[in-house]
Amino acid sequence: MNLDSVLDLRVLPSRDISSPMKAMIIAANREEIYYQLPSLDTKILQGHEDVVLCVDVSHDSTWLASGGKDSKIQIWRLSEELPNRVTPTYTCTGHTDPIGSLCFSRKSVSFFVSGSQDKTIKFWNFSGKTNPQPEYTVKAHDKDINCVCVSPNDKIIASCSQDKSIKIWTTQLELKATMKGHKRGVWCIAFSPVDQVLVSSSGDNTIRLWSLSDHSCLKILEGHTTSVLRVMFLDPQGMQIISADAEGLIKLWSIALSECVGTMEAHDDKAWSLCLLRHKSLLPTRVEGEGENNKKKKMMVDGGDEITVVSGGGDGKVIVWEDATMVEIADAQAKAEERVVQEQAFSNALRKQDYHRALEIAFALGNKGRILSVMEYVLPDHSAITHLLKSLSSDHIRRLLGFIRDWNTIGKYSGVAQLTLHVILQIYSPKQIMEMGADINQIIQAIIPYTDKHFSRFSKLLQKSYILDYTINSINNHLGPSSSPSVFHDDDDDDDADADDDADADADADDADADA
């Protein structure tokens, strides 16, 4: 299906968790609305006389509302039994300019709200039995209204406009608060699913979080380089935000960290629309539970909630993004268990003095600390370290040289680094080393400066040791043999001197006896 710019879209959830998407509703810069099934069969909904700008679906997925440049709102009945049956039911008039945003009530199908370029917001009572009529109308902003939304409890309504402001209304469209702070027009707003918080995105490239209790700005999230066209809360806990911008990028934000935690290159043009679909995961989840005798055991339970994100852009593409959270959790658990097994195998090999096996495991773990431990164990035995390094592949030697480069920058590990490097240079010729990898020259160049630094330090220490020896010898010569023993002498030297004195006395006695 060839589409123009995808201006807005919605996804109908399915009761079948194996196929969570029942249908996709797309407003694609045309008079028609595209109603696409998972089988890719597409039904074209006709009813507007000009381009359709916005769509929304009631919370029970039984009604579809659409608004367009013809200033009309079309209401369509959606069949639960027949997914491809969509019936045009009502036509609502009252706006005088294009309608840019629609939003149904969230808890019940009792009303919907519309925002238009005529700068007004209309509140429409809706029972599904008669043609909706606007119960309240208010001139809300000084410029085009870009977005209207209803809170999860259906008690308040929010609107934003190109006039840079966000306004909070009662369901009787009485103004409660005006929030300002954005430096350009505000494109999108959304309520938190759990907290008294509103999120907004703007042409000033920022996302702001607002308190609905005192209407102050709580946080400013920066990271987009162009206008942020869509924003919404991603998870049911309201701790993550997803946004789309005019460059076609989609960003994932952590509210706790106040930073972007992921960027997806989605579209080649403006990303005009985002839609979320929450459903149960088909993947089982591993959790800790209580077994017999109150012992903890691991068990598999039904999958948790997953989120599918659908984006549409000016390039005419509709992209479905699957939630990989459960897959990543399962992979992380498997990797953690494998790492525990490898760590135990490393300890066993080290205890058995099987250094080759220990080094292989350390390389597999990519843990240079473990590799350092093996080197420290083996280095005192020159023949053992030589045999061990000869058994390594050239790739392992290249990686080991990279670790030597890192160890060499730390004083307490520099000795291990230098001794290991010395053995490697005895085993391999410079030509063999240079052929071990494209980055080997950079590694060697990084080792040389710190090696020179260590050599200079040792040379200075050796010079100081000569000065110390000279000082000790000078003190001994100055004190002489009759003086008190030097504190620098060993006890063995004193014992030798006493033995020499006794020998001299015995010799004198023998000479006296001979004369007699």
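Residues numbered from 1 in each chain as written. Predicted model: local features only at pLDDT ≥ 70, side-chain atom pairs only at ≥ 80, totals over all residues. Heavy atoms only, no water.

**Here we look at the packing of aromatic side chains**
By the definition in use, this model includes 13 aromatic pairs. Residues Trp187 and Trp272 carry aromatic rings whose centres are separated by 5.9 Å and whose planes lie at 65 degrees to one another, so their mutual orientation is edge-to-face. Of this pair, Trp187 sits in strand S17 (residues 186-191) while Trp272 sits in the loop between strand S24 (259-265) and strand S25 (273-280), and the two are 85 residues apart along the sequence. Classification of Trp187 as partly exposed rests on a relative accessible area of 23%. A connected cluster of aromatic rings, assembled from ring pairs, spans Trp63, Tyr90, Phe104, Phe112, Trp124 and Phe126. (Phe/Tyr/Trp six-rings, centres within 6.5 Å; stacked < 30°, edge-to-face > 60°. Helix = DSSP H or I, 4+ residues; strand = E, 2+ residues; numbered from the N terminus. Buried < 20%, exposed > 50% of the residue type's maximum accessible area, 1.4 Å probe, protein only.)

**Description of helix H4 (residues 382-390)**
Looking at H4, one finds that the buried residues are Ile385, Thr386, Leu388 and Leu389. Looking straight down H4, one finds its buried side chains confined to an arc of 165 degrees; they lie on one side. Facing away from the buried side of H4 by over 90 degrees, the exposed positions are Ser383, His387 and Lys390. Summarising the contacts, the buried residues of H4 are in contact with helix H2 (355-365), helix H3 (368-378), helix H5 (394-407) and helix H6 (411-427). (Arc of directions from axis to C-beta. Contact = heavy atoms within 4.5 Å.)

**Digging into the packing of H2 against H3**
At a minimum axis separation of 8 Å, H2 and H3 run at an interaxial angle of 160 degrees. Accordingly, the angle class assigned to the pair H2 and H3 is roughly antiparallel. Considering only the axes of H2 and H3, their crossing is left-handed. Facing H2, whose interface residues are Tyr355, Ala358, Leu359, Ala362 and Phe363, H3 presents Arg370, Ile371, Val374, Met375, Tyr377 and Val378. Its residues assigned to classes, the contact of H2 with H3 shows 10 nonpolar, no polar and one charged. (Axes fitted to C-alpha atoms, helices over the stretch in contact; angles between N-to-C directions. Parallel < 35°, antiparallel > 145°, perpendicular 65-115°, else oblique. Left-handed = near helix turned anticlockwise from the far one by under 90°. Nonpolar A, V, L, I, M, F, W, Y, C, P; charged D, E, K, R; others polar.)

**Concerning the pattern of salt bridges**
Summed over the entire model, instances satisfying the criterion amount to 13 salt bridges. Among the ionic pairs, Asp56 bridges to Arg10, the shortest N-O distance being 3.0 Å. Of this pair, Asp56 sits in strand S5 (residues 52-57) while Arg10 sits in strand S1 (residues 8-13), and the two are 46 residues apart along the sequence. Take Asp56: its relative accessible area is 3%, and that puts it in the buried class. (Salt bridge = Lys/Arg side-chain N within 4 Å of Asp/Glu carboxyl O.)

**A closer look at the pairing of strand S3 (residues 33-36)**
Each regular strand shows side chains that alternate between the opposite faces of the sheet. Neither face of S3 is left uncovered, since the one carrying Ile33 and Tyr35 and the one carrying Tyr34 and Gln36 both have all their residues buried. As paired elements, strand S2 (residues 21-27) and S3 share four bridges and run antiparallel to each other. Residue pairing across strands places Ile26 opposite Tyr34, the latter belonging to S3. Here S2 hands over to S3 after five residues, with Asn29 in that stretch at a positive phi of 60 degrees. As defined by bridge partners, S3 adjoins strand S4 (residues 42-45) across four bridges and the pair is classed as antiparallel. The partner of Tyr35 across the bridge, within S4, is Lys43. In this antiparallel pair of consecutive strands, S3 and S4, the connection spans five residues, and Leu40 shows a positive phi of 75 degrees. (Pairing = 2+ DSSP bridges.)

**Some words on the sheet that holds strand S11 (residues 120-125)**
Reading across the sheet, the four strands line up as S9-S10-S11-S12 and stay open at both edges, with antiparallel pairing between neighbours. With one partner strand each, in any of the chains shown, strand S9 (99-104) and strand S12 (133-139) form the two edges of the open sheet. Sheet twist, expressed as the average angle between the axes of neighbouring strands with direction ignored, equals 20 degrees. When S9 meets strand S10 (residues 111-116), the two strands line up antiparallel, connected through five bridges. Note that in S10 the partner of Ser101 across the bridge is Gly115.

**Regarding the packing of H6 against helix H8 (residues 440-479)**
Their axes nearest at 11 Å, the elements H6 and H8 cross at an angle of 110 degrees. When the interaxial angle is binned, H6 and H8 end up roughly perpendicular. Judged by the sense of rotation from one axis to the other, the crossing of H6 with H8 is left-handed. Between H6 and H8, the contacting residues are Ser414, Gln418 and Leu421 on the first element and Ile447, Thr451, His454 and Arg457 on the second. Grouping the amino acids of the contact of H6 with H8 by side-chain chemistry returns two nonpolar, four polar and one charged.

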